[in-house]
Amino acid sequence: MRRTIRRRAGRRAALAAVGAMTAGLLLTAPQQATAGAPNLLTNPGFETAGAPGSDMPSCWSKSGWGDNDFTFATVPDAHSGTLAVKVSLTRRVSGDRKALVTENTTCAPTVVPGRQYDLSAWYKSNTPDVAVTVFRHDTAAGWQYWTDLQNPPVSAAWSQTRVRTPAVPPNTDKIAWGLSVYGVGTLTTDDYALEEVGAVPPRPGCTGTAEECAKGRWEVMATQNPVRSMHAVVLRNGKVLLIAGSGNDISQFNAGTFTSAVYDPVAGTVRTVPTPVDMFCSGHVQLADGRVLVMSGNKGYPSADGRIGYQGLKDSYVFDPATETYTRTNDMNGGHWYPSATLLGNGDVISFGGLKEDSTGNVTAERFSAAQHRWLPLSQVNQTWSYWGLYPSMILMQDGRLFYSGSHTFGNGTAGSGSSVYDYDANTITDVPGLRRKDERDESASVLLPPAQDQRVLTIGGGNNETNPAAHRTTDVIDLKKPSPAYTAGPDLPQGLVDTGAGKRPQTGAEGKMYVSAVLLPDGRVLETGGGLHDRADPVFEASLFDPGTDTYQAGLAADPIPRTYHSGAFLLPDGRVMSVGDNPGNGTYNHAVSVYAPPYLFKGPRPQLTSVVDTEWVYGDTQRITVDRPIAKAELIRPAAVTHSSDPNQRFVDLPMTVVNTTTIDLNVTGNPNLAPPGWYMLFGVDAAGVPSVATWVHLGGAPSTAAARQGPAPHEHTFADALAAPKENPRQRASVPVAPTVAGCDRHYGTVNVCVPTAFPAEVAQTTAARCDWLAAHRFPKRMKVNGSDPQQLDPDGDGHTC
């Protein structure tokens, strides 16, 4: 995956054809909030020579990395003055070359955290493989790569490229930048500038109640969820696909009653959808064309005596939002009850883990080919024969590798450090250190933090359904751009109220939550909500916002009034609100209430409007023009949710650096790297300086079908990172599966029906007596006098009549 990214054949020809037009657009000077902002660069036109013996102009350095052949030259072919710098690549396997502002206190301009800066330069190039690349100086960590902002088009004549930085991160005092060339060709540059953007006037204050402005507001909807959904997918038309299958109800399974529903948040209506198989605990991901690939599901429930566990299906379907119907694909190579599903940069899907048809653990990797629209035979898929567990969180990295965050469902994590980097091409797995409480990450949540360009992952909370301790507050953060990335401790999860069966009380000590939902918001923060203190029990009523800029939580938000533990999910809607569904506690009940959260940013005055989006079919490396009704501070793409069991590894927020033409016209610069933004439909948001988002416009990234022909080209511009990992693990020998205990779901099948989950281990605070355990079951509303199936390991049948308590 790392070196086989395909780029559209038509892009180079198209860029050459429209080069003059695009150059004309870029020549339009952005309107500044303050007139005549000074150029903060030293020697921006290369006119001052370097120190004696130097072959670069003063305050400029030769920079770059990777396997390539290159030349640097100071040439008289200047845009203005007498000198320009020419960089040529004659061979390129990886990396880039560029003239870079020298990274020292004399040459690199001083910047202010939280402010934005307009960068501009004049250039000529004969290759589209050019990027505006920015580095920043962290006052604690030193110089480091920050981000790529733009891919300027081919231009035979002098053209100006101009782009605005995101807000400068905290602890940054200087930045350096230059135009990188990362494909075979020549780039000549001159007349650089860096100008501070003036402060934006403050917007109106709170427009709701003081509590709404501080905490947001939840509303329980009048329309209920008609199905016992375990899966939620936000479709490209803004509707929500809710998949239940049998809904964890064996009577529905035995009757062959499998259900899905499509919920329309705007109209408040819902429509049930015929569902061909039991998609209960399947995997799902949105394909590049906006259809939903649903894989595996439930072939069979555990036996009454508990000797066999859940069994996975091989079946696979795609759901079409236009027709609201399922169509079958070819089968997977084996069953995968609770599989992962990660979309790759070329549109393929890779899947791991889960349980096979015989309840053993599936050790095979499965790959769905976008080009062939089918699951590939195992002989065509690289295999490490490793078992990843159930719903392992596999997040696509910027170079095509996968990061296993350590989040999963049920039991313990994988052997080793609990998290790792998986390289499909090299067929290796390498442990990554630092994840705390690695064997208590059952039903934790992991998200690629905003923006995706920063390559940082947050992992939140978790527990362990085998030993059933109180869920913890631990959060960890990892920066995957470091040479040897490792998790570091994040702030403890805020605490709220917990209902352990006797009414709500404040959480104490180290109490946290599992089954937590984490949702990326358009203001760049992460909402965490819902969850429970123990396996399928004891809901926690708490919500907070995590700020990736400061790595802190804003505690004390309004909490969802509906309990949200097992089989719940929360997800972002195109209007900027968050919807929450589901709750399936161990007593077998299901909560059909639907609640919607309006974050505090919806009570901060009028929302900006995207008054036009010139084109909704986007291509990698493009510049796309929008108009707005008033200035915005940032724009981004957010991939619509496909969430289950606290897991949505494809959720991501992709920054769109802006070229501000005037107060209402903005050019958005689309990443050239499909691994940062895999192909598909996205919600486009514009956000003002107060963090207030527009309503989203749907755009499709990857090009129209008529331009779908692709050729093998250079890898997208990526930067060396995670390249000093420890030695990879030795792959296991080829094998069919691994043993998995029938109790992997954390349920003791000796009691009641299969959709009732008496815990295999009661919480530690419950005394190991029949009376205490029976009191716990009664407080949590388990059915009275459940049938004892065979033996009585929990001693719940003291009178021996074959029924509990």
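Residues numbered from 1 in each chain as written. Predicted model: local features only at pLDDT ≥ 70, side-chain atom pairs only at ≥ 80, totals over all residues. Heavy atoms only, no water.

Please explain the side chain of Ser246 as it appears in this structure.
Counting through the fold element by element, Ser246 comes out in the loop between β14 (240-245) and α3 (250-255). With a relative accessible area of 2%, Ser246 lands in the buried category. Apart from residues no more than four positions distant in its own chain, Ser246 is found in contact with Gln252, Phe253, Thr257, Phe258, Asp278, Phe280, Asn298 and Tyr301. (Helix = DSSP H or I, 4+ residues; strand = E, 2+ residues; numbered from the N terminus. Buried < 20%, exposed > 50% of the residue type's maximum accessible area, 1.4 Å probe, protein only. Contact = heavy atoms within 4.5 Å.)

How should empty space enclosed by the protein be read in this particular structure?
It is the rolling of a water-molecule-sized probe over the atoms that shows where space remains empty. Per the stated rule, a full pass over the model turns up 14 cavities of 30 Å³ or more. Space inside the largest cavity adds up to approximately 220 Å³. Asp148, Thr671, Gly672, Leu676 and His717 are, among the 23 residues lining the largest cavity, the residues nearest its centre. Broken down by class, the residue content of the lining of the largest cavity amounts to eight nonpolar, 12 polar and three charged. Considered as a void within the structure, the second largest cavity measures approximately 80 Å³ in volume. For the second largest cavity, the lining is made up of 13 residues, of which His284, Pro339, Ala341, Ser647 and Pro649 are closest to its centre. (1 Å grid on protein atoms, 1.4 Å probe; cavity = no way out; pocket = protein on both sides within 12 Å on 5 of 7 lines; lining within 4 Å. Points joined across faces, edges and corners; volume = space filled by probe spheres on them. Nonpolar A, V, L, I, M, F, W, Y, C, P; charged D, E, K, R; others polar.)

Would you mind going over the sheet that holds strand β10 (residues 172-181) with me for this structure?
Think of a sheet as strands paired side by side through backbone hydrogen bonds, with each pair either parallel or antiparallel. The strand order β2-β5-β10-β7-β8 describes an open sheet built from five strands, whose pairing is antiparallel. If you trace the sheet from one side to the other, it starts and ends with β2 (60-65) and β8 (142-150), each paired once. Mean inter-strand twist for the sheet, computed between neighbouring axes without regard to direction, equals 30°. Pairing analysis gives seven bridges linking strand β7 (residues 130-138) to β8, with the strands arranged antiparallel. Along β8, the bridge assignment pairs His137 with Trp143. (Pairing = 2+ DSSP bridges. Axes fitted to C-alpha atoms, helices over the stretch in contact; angles between N-to-C directions.)

What exactly am I supposed to notice about the sheet that holds strand β42 (residues 552-554) here?
Across the sheet, four strands lie side by side as β37-β38-β41-β42; this open sheet has antiparallel pairing. The open sheet terminates on both sides in strands that have one partner only, identified here as β37 (517-520) and β42. Direction aside, neighbouring strands of the sheet carry axes that sit 30° apart on average. One ladder, built from four bridges, connects β37 with strand β38 (residues 526-529); its direction is antiparallel.

What am I meant to see in the state of the cysteines here?
In protein chemistry, a disulfide is the covalent bond that joins the sulfur atoms of two cysteines. As enumerated under the stated definition, the model contains four disulfides in all. Between the sulfur of Cys59 and that of Cys107 lies a disulfide, 2.1 Å long from S to S. Judged by the torsion about the S-S bond (-75°), the Cys59/Cys107 disulfide is left-handed. Of this pair, Cys59 sits in the loop between α1 (10-27) and β2 while Cys107 sits in the loop between β5 (96-101) and β6 (117-125); the two residues are 48 residues apart in sequence, bridging distant segments of the chain. Using a relative accessible area of 6% as the deciding quantity, one classes Cys107 as buried. Note on cysteine connectivity: Cys206 is disulfide-linked to Cys213, with sulfurs 1.8 Å apart. Classification of the bridge connecting Cys206 and Cys213 rests on its S-S torsion, roughly 80°, and on that basis the disulfide is right-handed. (Disulfide = S-S within 2.5 Å.)

Is there a simple way to think about the pattern of salt bridges in this case?
Side chains that carry opposite charge are capable of pairing whenever their charged atoms lie near each other. Evaluation of the coordinates by the stated rule reveals 33 salt bridges. Glu196 is the salt-bridge partner of Arg115, the closest N and O atoms lying 3.0 Å from each other. Of this pair, Arg115 sits in the loop between β5 and β6 while Glu196 sits in strand β11 (residues 185-196), and the two are 81 residues apart along the sequence. Overall, Glu196 belongs to the partly exposed group, its relative accessible area being 26%. Salt-bridge contacts for Glu324 lead to Arg271; the nearest nitrogen and oxygen are separated by 2.9 Å. A residue pair is termed long-range when its members are at least 10 positions apart, and Glu324 in the loop between β21 (316-320) and β22 (325-328) and Arg271 in strand β16 (residues 269-274) qualify at 53 residues. Taking the relative accessible area as the measure of exposure, Glu324 reaches 11% and is therefore buried. Three or more residues are tied together by salt bridges with common partners; here these are Asp67, Asp69 and Arg91. (Salt bridge = Lys/Arg side-chain N within 4 Å of Asp/Glu carboxyl O.)

Explain the side chain of Ser63 to me, please; I cannot follow it from the model alone.
Its place among the elements puts Ser63 in strand β2. Ignoring any residue separated from it by four or fewer positions in sequence, one finds Ser63 in contact with Phe72, Asp96, Arg97, Lys98 and Leu100.

Even after reading the chapter, I still don't get the confidence of the model for the chain, so can you show me in this structure?
Low pLDDT marks regions whose predicted coordinates should not be analysed in detail. Looking at the chain as a whole, its pLDDT mean stands at 93, while 94% of the residues score no less than 70. Predicted confidence is poor over residues 1-35, with pLDDT under 50, and the contacts of this stretch with residues over four places away or in other chains come to 84 contacts. Considering only residues more than four positions removed or in separate chains, one finds that residues 704-712, a stretch of pLDDT under 50, has 17 contacts. (pLDDT = per-residue confidence, 0-100.)

Sorry, what's going on with the nonpolar core here?
Where a protein is soluble and globular, its nonpolar side chains tend to be buried together. Counting residues in each nonpolar core, the largest one holds 54 residues, and the members touching the most others are Leu527, Phe571 and Leu572. Residues in contact with Leu527, not counting those within four places in the same chain, are Ser517, Ala518, Val519, Leu521, Ala543, Ser544, Leu545, Leu557, Val578 and Tyr597. Counting residues in hydrophobic clusters, the runner-up holds 35 residues, among them Val432, Leu435, Val613 and Ile626. (Core = buried A, V, L, I, M, F, W, Y, C linked by side-chain atoms within 4.5 Å.)

Which parts of the structure should I look at to understand the environment of Ala365?
Mapped onto the secondary structure, Ala365 falls in the loop between β24 (349-351) and β25 (366-369). Exposure remark for Ala365: the relative accessible area of 3% places this residue in the buried category. Along the backbone, Ala365 and Ile350 are 15 residues apart, and their C-alpha atoms lie at a distance of 7.0 Å. Discounting chain neighbours no more than four positions away, the residues touching Ala365 are Ser351, Phe352, Leu378, Val381, Asn382 and Gln383.

Sorry, what's going on with the packing of aromatic side chains here?
A ring pair, where both rings are aromatic, is described by two values, the distance of the centres and the angle of the planes. Here the structure, examined in full by the defined rule, presents 29 aromatic pairs. Look at Tyr301 and Tyr310: their rings are 5.6 Å apart centre to centre, the planes differ by 55°, and that puts the pair in the tilted class. Relative to Tyr404, the ring of Trp388 has its centre 5.5 Å away and its plane inclined at 70°; by these criteria the two rings are edge-to-face. Within this pair, whereas Trp388 is found in the loop between β26 (374-375) and β27 (394-396), its partner Tyr404 is found in strand β28 (residues 402-404), the two being separated by 16 residues in sequence. You'll find Trp388 and Tyr404 in the same group, each marked buried. We note Arg367 situated over the ring of Tyr424; from NZ or CZ to the ring centre the distance is 4.7 Å. (Phe/Tyr/Trp six-rings, centres within 6.5 Å; stacked < 30°, edge-to-face > 60°. Lys NZ or Arg CZ within 6 Å of the ring centre and 35° of its normal.)

Quick question: what am I supposed to make of the pairing of strand β41 (residues 543-547) here?
Every regular strand shows the same layout, with side chains that alternate between the two sheet faces. Where burial is concerned, most of β41 is hidden: four out of the five residues are buried. As paired elements, β38 and β41 share four bridges and run antiparallel to each other. By the bridge assignment for β41, Val526 is matched with Phe546.

Teacher, can you tell me more about helix α4 (residues 770-779) here?
Think of an α-helix as turning once every 3.6 residues; residues three or four places apart then point the same way. Every buried residue of α4 is listed here: Ala772, Arg773, Cys774, Trp776 and Leu777. The elements touched by buried residues of α4 are β40 (537-541). Backbone geometry just after α4 places Arg781 at a positive phi near 60°.

Help me out: how do you make sense of unusual backbone geometry in this one?
Working note: non-glycine residues mostly have negative phi, and peptide bonds are mostly trans. Pro451 follows Pro450 through a cis peptide bond whose omega is -15°. Structurally, Pro451 can be placed in the loop between β31 (445-448) and β32 (456-460).

Could you clarify how one ought to interpret the environment of Pro679 in this entry?
Position of Pro679 relative to the elements: it lies in the loop between β53 (665-669) and β54 (680-687). Residue Pro679 is classed as buried on the basis of its relative accessible area, which comes to 9%. Excluding its chain neighbours within four sequence positions, the residues that come into contact with Pro679 are Ala288, Leu343, Leu344, Gly345, Asn346, Gly347, Tyr620, Arg639 and Leu701.

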